[in-house]
Amino acid sequence: MKTSVHHIAIWKWFTFVVILCSPNLWAQSTDIFRVEYLNIPENDTGIKTQRYKTLLNLPIKLNEKQDYLITGVEYNRFDMGYSANLPFDKSELIRFHIIDLNVGLITKWNENWNLVTILTPRMASNFVSGSVTDDFFMNATATLWKERPDADKPYRIVLGLTYNSTTGLPVPLPLVNYYRKFHPNWSFTFGIPKSSLRYYITEKHSLEMALLLDGYFINLQNDILLEDGQVASKISLTSLLGTLVYQYNISKRMSLFAMVGRTVVQEGILRNDEQGKVYLLNDESNLYIRTGFKIGIF
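Here the structure is a predicted model, which means the values were calculated and not measured. (Residues numbered from 1 in each chain as written. Predicted model: local features only at pLDDT ≥ 70, side-chain atom pairs only at ≥ 80, totals over all residues. Heavy atoms only, no water.)

**Student:** Describe the overall build of the protein, listing the residues and the values that go with them.
**Tutor:** In terms of helices and strands, the protein carries one helix and 15 strands. Here the protein displays about 14300 Å² of accessible surface, and carbon together with sulfur accounts for 61% of that area. (Helix = DSSP H or I, 4+ residues; strand = E, 2+ residues; numbered from the N terminus. Areas by Shrake-Rupley, 256 points an atom, 1.4 Å probe, with all protein chains shown as cover.)

Dropping the structure here:
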């Protein structure tokens with residue numbers, strides 16, 4: 001029984017931090033397994049997006065001190081549609097892929113804090129010609145984790161640094177996240193990429209209002225020459241969303257969910273090798289629909 005409880009704690013630390021710190025494709029969940037479908041319908045710019053996601057994480061016990069090596073993989077496929085005329089060939093902007101490999105180490109820092117270090121090699125590309133060097137990105141995170149699930153008002157704090165090879169900033173960036181259940185039927189999370197307020201209707205049903213970030217940063221294997229002479233070699237999307245989420249708990253760890261919302265801020269951009277903006281694809285608000293199945297911790 002002790003080992004089972006410790007495995008749950010390990011999953012809480014790792015899966016939350018991995019997804020929290022995923023720097024190019026923001027999502028936040030504490031999942032062992034997840035399958036998900038996202039639909040962003042066409043807006044005034046004539047662009048629509050569908051995303052298919054699956055992920056799996058596995059722990060490997062290293063020693064009797066309860067140090068763990070965590071390995072995981074996540075795959076995302078984006079299918080894009082364009083009804084508007086664009087001043088360049090869009091045939092290589094139809095399908096994108098992101099593949100993450102997560103390798104993490106969990107250790108006990110002291111009586112109150114746990115240390116989580118994560119290395120995330122990533123392939124993000126349209127993969128029109130196999131794979132090339134520019135498809136590869138490397139990200140790293142180190143965090144300290146403190147949690148009191150048995151307190152009168154349970155809480156969780158994550159403090160750390162994350163390095164993202166696609167931000168253009170050559171230094172680690174701070175990371176802070178705070179969760180508290182302040183009432184038997186209410187909890188909140190404050191942080192990036194997600195802040196939320198959740199109401200637990202019953203043990204099986206809950207509603208959540210959330211403000212979250214989503215998006216991607218992907219290599220284009222064949223450069224796109226624009227009319228003004230600039231060259232696009234990357235595509236990115238950054239969205240700030242307001243959403244309402246319904247979750248149905250099949251069991252304590254297994255659930256179905258449905259999310260509907262709208263982008264508050266959205267910017268789809270073609271970029272050059274220096275990550276500078278060369279063409280604005282999409283800055284209009286969109287409806288945002290996401291649904292899926294997960295086996296998680298919380």
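**Student:** Hey, could you go over empty space enclosed by the protein for me, with residue numbers and the actual values?
**Tutor:** Counting across every chain of the model gives five cavities of 30 Å³ or more. Considered as a void within the structure, the largest cavity measures approximately 120 Å³ in volume. As for the largest cavity, its lining consists of 16 residues, and the residues nearest its centre are Ile 47, Thr 49, Met 80, Leu 237 and Asn 282. If you list the elements that add at least two residues to the lining of the largest cavity, you get strand S2 (47-61), strand S3 (68-82), strand S12 (231-249), strand S13 (254-271) and strand S14 (277-282). (1 Å grid on protein atoms, 1.4 Å probe; cavity = no way out; pocket = protein on both sides within 12 Å on 5 of 7 lines; lining within 4 Å. Points joined across faces, edges and corners; volume = space filled by probe spheres on them.)

**Student:** How would you sum up the side chain of Asn 272? Please name residues and give values.
**Tutor:** Within the secondary structure, Asn 272 is located in the loop between S13 and S14. A polar contact is formed between the side chain of Asn 272 and the backbone nitrogen of Glu 274, at a distance of 3.0 Å. A polar contact of 2.7 Å, which involves the side chain of Asn 272, links it to the backbone nitrogen of Gly 276. Setting aside its immediate chain neighbours within four residues, Asn 272 contacts Val 231, Ser 233, Lys 234 and Val 278. (Polar contact = N/O pair within 3.5 Å; in protein donor to acceptor, adjacent residues only side chain to side chain. Contact = heavy atoms within 4.5 Å.)

These values are about where atoms sit, not about what they do.
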